[in-house]
Amino acid sequence: MTETPQRPLRVLAAMSGGVDSAVAAARAAEAGHDVTGVHLALSANPQSFRTGARGCCTIEDSRDARRAADVIGIPFYVWDLAERFREDVVEDFVAEYEAGRTPNPCLRCNEKIKFAALLDKALALGFDAVCTGHYATVVPGADGSRELHRASDMAKDQSYVLGVLDERQLAHAMFPLGDTLTTKDEIRAEAERRGLAVAKKPDSHDICFIADGDTQGFLADRLGGRAEGDILDESGAKLGTHEGAFGFTIGQRKGLRIGHPAPDGKPRYVLDISPVNNTVTVGPVEALDVTALTAIKPRWCGTPPSGPGTYTAQLRAHGGETEVSAELTDGTLRVTFTEPVRGVAPGQAVVLYDGTRVVGSATIATTGDGGGTRLLTER
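In this text the structure is predicted, and so the values were computed from the model without any measurement.

Q: Teacher, can you tell me more about the nonpolar core here?
A: The tendency in soluble globular proteins is for nonpolar side chains to be buried as a group. Grouped together as the largest cluster of nonpolar side chains are 47 residues, with contacts concentrated most on Phe-85, Phe-93, Phe-175 and Phe-209. Those elements that place two or more of their residues in this core are β1 (10-14), β2 (34-41), α3 (82-98), α4 (105-124), β5 (136-140), α7 (215-223) and β16 (349-354). Per-element tally for this core: the top contributor is α4, with 8 residues. Setting aside chain neighbours within four positions, we find Phe-85 in contact with Leu-42, Val-90, Cys-109, Ile-113, Cys-208 and Phe-209. Among the nonpolar cores identified, the runner-up in size contains 26 residues, and Val-11, Met-15, Ile-74 and Leu-196 belong to it.

Q: What exactly am I supposed to notice about the layout of surface pockets here?
A: If you roll a probe as big as a water molecule over the atoms, it shows you where there is empty space left. As a volume, the second largest pocket reaches approximately 400 Å³. Going through the elements one at a time, α3, α4, β12 (290-300) and β17 (357-368) are the ones with two or more residues in the lining of the second largest pocket. Considering each element in turn, the lining of the second largest pocket owes the most residues, 5 residues, to β17.

Q: Please clarify how α4 should be interpreted in this entry.
A: Given 3.6 residues per turn, any residue in an α-helix points the same way as the ones three and four places further on. Along α4, the sharpest kink reaches roughly 30°, centred on Leu-118. Positive phi appears at Gly-126, one or two residues downstream of α4, with a value of about 95°.

Q: Could you clarify how one ought to interpret the pairing of strand β8 (residues 229-232) in this entry?
A: Moving residue by residue along a regular strand, the side chains alternate between the two faces of the sheet. Relative to strand β9 (residues 238-242), β8 runs antiparallel, the two being bridged by 4 bridges. Following the sheet pairing, Asp-230 is matched in β9 by Thr-241. Connecting β8 to the next strand, β9, in antiparallel fashion are 5 residues, including Gly-236 with a positive phi near 95°. Strand direction decides the pairing type here: β8 and strand β11 (residues 279-283), joined by 3 bridges, are parallel. Paired with Asp-230 across the strands is Thr-279, a residue of β11.

The rules behind the values
- Residues numbered from 1 in each chain as written.
- Predicted model: local features only at pLDDT ≥ 70, side-chain atom pairs only at ≥ 80, totals over all residues.
- Heavy atoms only, no water.
- Core = buried A, V, L, I, M, F, W, Y, C linked by side-chain atoms within 4.5 Å.
- Buried < 20%, exposed > 50% of the residue type's maximum accessible area, 1.4 Å probe, protein only.
- Helix = DSSP H or I, 4+ residues; strand = E, 2+ residues; numbered from the N terminus.
- Contact = heavy atoms within 4.5 Å.
- 1 Å grid on protein atoms, 1.4 Å probe; cavity = no way out; pocket = protein on both sides within 12 Å on 5 of 7 lines; lining within 4 Å.
- Points joined across faces, edges and corners; volume = space filled by probe spheres on them.
- Bend = angle between axes of the 7 residues up to and from the residue.
- Pairing = 2+ DSSP bridges.

In structure tokens, the structure reads:
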């Protein structure tokens, strides 16, 4: 929140064990809020989670979070949300890949865990807000409403993965790092000044619940044993076989294991994944061009837009913006791009922006050329 409240808030600070959430909790406490730290135990067997630089949610992370809370001088608890995390995030992730889609589990975790399960429990216990180390800003409106905006530093902006938050959730969200024009090194320096041992802890990467960072291996353990399928070209001709369509993503170039080159000698890319007939279709990079898409399950950061509008859109967590026109029709968001974009896959989120304000997020269902001549199968 960007304004100074009239009274101190009771704040529940989600502390992952990393530097960002520790500094966020420290800033909230320094601002005069009544802060309690909580670490979310998201694995039924946290000893199996990765260690070192790649993940979060390990035993080590829980201890790091506790030590940071001790230094800040705030109460600290560990809450077990492992079952809810397994159902809402991990199982959803596996099911989406099984259906041929490409999910983003961070969005689902923010939607279902940090700002649903955690927030609901916090409010029930009398807390006013949940604080996290995300880089985004919540801006109050004159009418008391809340808007979600990009972070001041675009290089660290994480508003894309927060686009699933609705107005009620934003009313109880606090992001102390969002309006800080500092580099990550400066955040680390601040942590060191505060005496936080996590100041030099490496950032987490990849997907927190995949122990070794091997997403394909993780999926193969859960979806393996399927009959092998065919790799086809755009005409339907068989080029090779695969051991599971779940091992591919739209736009993938490497690891296709096609035995012979394309007639033009150019690389081929994954164009479509069909779990119905267990096929993967490949073709030239130009065939990845998308000028329109439909998206389902929209979530709005405030009042839903009415009628057609012009926005910018972001299609992946670390992607750029592109100009679009969009309209919500019977619960389906229809988006048209000013210029073609590539590598857009069903299951990804499209997040709409009006300037720096996040309008909302929806899950991509189909992509095409705007005229319906090349739509990916809706699954």
